[in-house]
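# Working through the structure, step by step
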Amino acid sequence: MQKLTKQSLLKHCSYIDGRWMDSEQTFEVFNPASGEVISQLCESSASQVAQAINAADNALAVWQALSETDRARLLERWQGLMRESLDDLAYLLTLEQGKPLNEAKGEILHAANYVKLYSELAAQLTEPKPAACAEHQSATVYRRPIGVVTAITPWNFPCSMVLRKAAAALAAGCTVVLKPSELTPLSALALAQLSIEAGIPAGVFSVVVGSNAQAIGEILTQHPKVAKLSFTGSTAVGKKLLQQCAFGVKRTAMELGGNAPFIVFEDADLDAAVEGAIAAKFRNAGQTCISANRFLVQQSIAEEFIAKLVEKTKALKVGNGFDEVHQIGPLINQRASDKMLKIIDTAIEQGAQLLDGGKPVESPGHFFQPTILTNITADMAIFHQEIFGPIVSIATFDNEAQAIQLANQSDQGLCGYLYTSNQQRISRIVRLLQLGMLGINQARLSNPAAPFGGIKQSGMGREGGHYGIEEYLDYQYVCQMK
Ligand code: ADP
């Protein structure tokens, strides 16, 4: 197994106001591929979290005193260091999260691309604009950084979720206090170390770590100096955080759960659809908010599609992400594995048919067999649940209207996939699908320039491109008598 070459990237405590801060209490971080403890980290105390927010507030003046070009230069340096440290960052990511090393590298490079893009975009957006007004007045609209941003991120993309938020906020002139998932804090702390090396001033980007997410979350949402919370995680936690933010009328950006339909029409290229299905379902062991969650396949080709999908799925190798023969790593923890079993049992009880997989892999760690369930219908629990694991759940439809109706039958509206060779059909139905993002005849949507985010209970706000920076800018309208 590869080792960490730059030991200074492995940190054990929070980074607050430019300093690494110990505390008495600790929590453990586990390797999901073995179940073993990787590291003991210091818990951030409540006063340390408040200290990070106060430091971020003080640092606003320092950060905003820099020109956009100077801020951009620091971000540019930060992303350069990420690329230089690619092997080490990927090592830490696979160690704490489990995904195959090549996926970890892809995530880091993708995240670095966001930072690069934001370093270039900020200046264009903050340019003041004249507004129409009466002859005796002059009117100008300024874009102002909203202030201190707190960010809470999940464990499935420990690097890119952090940077999509932090880089956009920093580019806009805001300062950031981040709380990464307690399951995968090592990547975020390594990024903090690189921010020091890039020259980002103390207090501008702090990282607080701890296992008491609720207690830390209360401070991050309710401290009077916080202007905005950006959250990525489950819809249930997002709803709680929205309530907490309501007291102080904090701005929020919420990237919550998905329930992506993967629709295959009879006129689709079935081999391409199967390849897309494998990518959209099994990347990160199915633990992504844009994972295909409900396969909707036209009845006339269902048998052929399923046969091809079963064959390809059987060829996938599950195992330690450090071994390059494996395409699927472990689930994040035992709870995730238990959840898969429960989903499968309930689906079978409700009439689903198990075609492949269905069990944890018998080995240390939290590996789970790629699983295929058919005969799914919209009245089953699985149809309405975000699976977040390697289970393919297949329902069928007879015609286009039914496909659209099934696809939209969800409280979530993050993302979906559509396979058809009929361009007229595409033109007809794209606008009818209640989704924030849609892949057509391909399953790879990642693009730092695009607005990533959902509608319905999948959240509000967008990350990526200029949309991402605008989340961190307010308007100020100034009208002057001539
Ligand atoms: P998942 O189910 O994917 O782990 P969660 O929504 O539970 O998603 O977690 C996403 C992030 O939210 C993590 O950083 C986690 O620590 C944090 N979190 C979980 N519960 C709370 C809470 N009650 N308040 C604030 N943050 C929370």
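Provided above is the structure to which this section pertains.
Residues numbered from 1 in each chain as written. Predicted model: local features only at pLDDT ≥ 70, side-chain atom pairs only at ≥ 80, totals over all residues. Heavy atoms only, no water.

### Focus on the pairing of strand E15 (residues 371-374)
Side chains Thr371 and Leu373 project from E15 onto one buried face, and the interleaved Ile372 and Thr374 project onto a second face that is buried too. Here three bridges tie strand E14 (residues 353-356) to E15, and the two strands are oriented antiparallel to one another. What sits directly across from Gln353, in E15, is Thr374. When E15 meets strand E16 (residues 391-397), the two strands line up parallel, connected through three bridges. Among the inter-strand pairings, Ile372 is bridged to a residue of E16, identified as Val392. (Buried < 20%, exposed > 50% of the residue type's maximum accessible area, 1.4 Å probe, protein only. Helix = DSSP H or I, 4+ residues; strand = E, 2+ residues; numbered from the N terminus. Pairing = 2+ DSSP bridges.)

### Section: the layout of surface pockets
By volume, the largest pocket is sized at about 1,200 Å³. For the lining of the largest pocket, the secondary structure elements donating two or more residues are helix H7 (213-222), strand E10 (226-232), helix H8 (235-247) and helix H11 (334-349). For the lining of the largest pocket, the element with the highest residue contribution is H8, accounting for six residues. Each residue belonging to the lining of the largest pocket can be placed in one class, and the counts come to 17 nonpolar, 20 polar and nine charged. There are two domains that each give the lining of the largest pocket at least three residues, and those are domain 1 (7-256 + 458-481) and domain 2 (260-447). Of all the elements in the fold, those that place two or more residues in the lining of the second largest pocket are helix H4 (101-125), helix H5 (160-172), helix H9 (270-282) and strand E19 (437-440). Here the element with the most residues in the lining of the second largest pocket is H4; it accounts for seven residues. In the lining of the second largest pocket, the residues fall into 22 nonpolar, 11 polar and nine charged. Two domains each put at least three residues into the lining of the second largest pocket: domain 1 (7-256 + 458-481) and domain 2 (260-447). (1 Å grid on protein atoms, 1.4 Å probe; cavity = no way out; pocket = protein on both sides within 12 Å on 5 of 7 lines; lining within 4 Å. Points joined across faces, edges and corners; volume = space filled by probe spheres on them. Nonpolar A, V, L, I, M, F, W, Y, C, P; charged D, E, K, R; others polar. Domains from an automatic or database assignment.)

### Quick look at the sheet that holds strand E13 (residues 292-298)
Taking strand neighbours across the sheet as the criterion, the seven strands line up as E14-E15-E16-E13-E12-E18-E19 in an open arrangement whose pairing is mixed. Of all strands in the sheet, those with a lone pairing partner are E14 and E19, marking the two edges. Strand after strand, the sheet turns through a mean of 25° between neighbouring axes, direction not considered. Bridge count for strand E18 (residues 415-419) against E19 is four bridges, and the pairing is parallel. Bridging across to E19, Tyr417 finds its partner in Gly439. The strands touched by helix H10 (residues 299-314) are strand E12 (260-264), E13, E14, E15 and E16; relative to E13, the strand with the most contacts, the crossing angle is about 135°. Set on the sheet, H11 makes contact with E14, E15 and E16; between it and E15 the angle comes to about 25°. (Axes fitted to C-alpha atoms, helices over the stretch in contact; angles between N-to-C directions. Contact = heavy atoms within 4.5 Å.)

### Quick word on the packing of helix H3 (residues 86-97) against helix H6 (residues 185-198)
Axis separation between H3 and H6 bottoms out at 8 Å; the angle between their running directions is 160°. Taken together, H3 and H6 sit at an angle that is classed as roughly antiparallel. You can see that H3 and H6 cross each other, and the crossing is right-handed. Between H3 and H6, the contacting residues are Leu89, Leu92, Leu93 and Glu96 on the first element and Pro185, Leu186, Ser187, Ala190, Leu191 and Leu194 on the second. (Parallel < 35°, antiparallel > 145°, perpendicular 65-115°, else oblique. Left-handed = near helix turned anticlockwise from the far one by under 90°.)

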